[in-house]
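One-letter residues, chain by chain:
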Amino acid sequence: NGFPDLGLSVVGCRPFSAGGANWKRFARFYNQMYGLRNFGDSTMQIVANATSEPAHHDLVFLAHNGPTGLGASADSPCGLDFRPEEGDFGDSDMEEAIASCLQKGRRIPLAVFGHMHQKLHRCAFPRTERRMFHLDEKTGVAYLNCAVVPRIRRKGSGEDGEGREVSEGREGGTV
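Calculation notes
- Residues numbered from 1 in each chain as written.
- Predicted model: local features only at pLDDT ≥ 70, side-chain atom pairs only at ≥ 80, totals over all residues.
- Heavy atoms only, no water.
- Phe/Tyr/Trp six-rings, centres within 6.5 Å; stacked < 30°, edge-to-face > 60°.
- Helix = DSSP H or I, 4+ residues; strand = E, 2+ residues; numbered from the N terminus.
- Buried < 20%, exposed > 50% of the residue type's maximum accessible area, 1.4 Å probe, protein only.
- Pairing = 2+ DSSP bridges.
- Expected span 1.5 Å × (residues − 1).
- Contact = heavy atoms within 4.5 Å.
- Polar contact = N/O pair within 3.5 Å; in protein donor to acceptor, adjacent residues only side chain to side chain.
- Core = buried A, V, L, I, M, F, W, Y, C linked by side-chain atoms within 4.5 Å.
- Disulfide = S-S within 2.5 Å.

Novice: Looking at this structure, I do not really get the packing of aromatic side chains. What am I missing?
Specialist: Working definition: an aromatic ring pair is given by the centre-to-centre distance plus the angle between the planes. Scanning the model with the defined rule gives eight aromatic pairs in all. Centroid distance phenylalanine 16 to phenylalanine 29: 5.3 Å. Interplanar angle 80 degrees. Geometry classified as edge-to-face. Here phenylalanine 16 is found in the loop between β2 (8–12) and α1 (27–34), whereas its partner phenylalanine 29 is found in helix α1, with 13 residues between them in sequence. Residue class for phenylalanine 16 comes out exposed when judged on its relative accessible area of 52%. What links up through ring pairs into an aromatic cluster is the set Phe16, Trp23, Phe26, Phe29, Tyr30, Tyr34 and Phe39.

Encoded structure:
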């Protein structure tokens, strides 16, 4: 976790998150694998891991999906872009863990995550790309979404009509 020469520790957040406020979808998995029963348990685990790191270390949060609180439009770093209604599809446990660590006096210069693709779903039209960076000027935390990868979906899933896997490239074409 730690990089003593750099005065830095990496804090992992809830793995395999699909984003949003639905715990039930993976409740059994999180309970069996990590003993987590809900978002509150997850928040407490993240904070416990973070505060066990040396007090003089800066903390970098690393997660599959990013936190709530970065905006509710489809093009926000964790915005819901794959349904006609927009919303914040971040993880509340990550947002609350970061807030708790900041409140305890820990410095968090960076939170890195992915999951929410840069190229937006067609439901977000006319917007085509997500904002991948957010700086919280109040706390100094920089949030970086690194999901600059193609969306992979199956042909025949209602969007493409055939029966093979396709990948949407950066320019919107398929492979």
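Next comes the rest of the description.
Novice: Could you clarify how one ought to interpret the pairing of strand β6 (residues 142–145) in this entry?
Specialist: On any regular strand, side chains alternate: one points to one face of the sheet, the next to the other face. As paired strands, strand β4 (residues 110–114) and β6 are joined by four bridges and run parallel to one another. Looking at the pairing, phenylalanine 113 lines up with asparagine 145 of β6. Pairing geometry for strand β5 (residues 133–135) and β6, over three bridges, is antiparallel. Within β6, the position partnered with phenylalanine 133 by the bridge is leucine 144. Taking the residues between adjacent antiparallel strands as the criterion, β5 and β6 are bridged by six residues, where glycine 140 takes a positive phi near 85 degrees.

Novice: What exactly am I supposed to notice about helix α2 (residues 39–51) here?
Specialist: Note: α-helices contain 3.6 residues per turn, so residues at a spacing of three or four share the same orientation. Compared with the 18 Å implied by 1.5 Å per residue over 13 residues, the 18 Å span of α2 between its first and last C-alpha is a close match. Looking at the buried side of α2, the elements it contacts are β2, β3 (58–65) and α3 (92–103). At the N-terminal boundary of α2, the capping side chain belongs to asparagine 38, with an oxygen 3.0 Å from the backbone nitrogen of glycine 40.

Novice: Looking at this model, I keep getting lost on the pairing of β3. Mind explaining?
Specialist: Where β2 and β3 come together, five bridges link them in parallel fashion. Considered in β3, the bridge of valine 10 is made with valine 60. Where β3 lies against β4, four bridges are found, and the strand directions are parallel. Counted as the bridge partner of leucine 62 is valine 112 from β4.

Novice: For this particular structure, what's the right way to read the nonpolar core?
Specialist: Counting residues in hydrophobic clusters, the biggest one holds 22 residues, and the most contacted among them are Phe61, Met94, Ile98, Ile108, Ala111 and Tyr143. Looking at this core, the elements with two or more residues in it are α2, β3, α3 and β4. By residue number, the principal contributor to this core is α3, which donates four residues. Not counting chain neighbours up to four residues away, the residues in contact with phenylalanine 61 comprise Val11, Cys13, Ile46, Ala50, Met94, Ala97, Ile98, Cys101, Ile108, Leu110, Ala111 and Val112.

Novice: What am I meant to see in the state of the cysteines here?
Specialist: Any covalent bond linking the sulfur atoms of two cysteines counts as a disulfide. On inspection of all chains with the given rule, the structure shows zero disulfides. Free of any disulfide, cysteine 13 has its nearest neighbouring cysteine sulfur in cysteine 101, separated by 8.9 Å.

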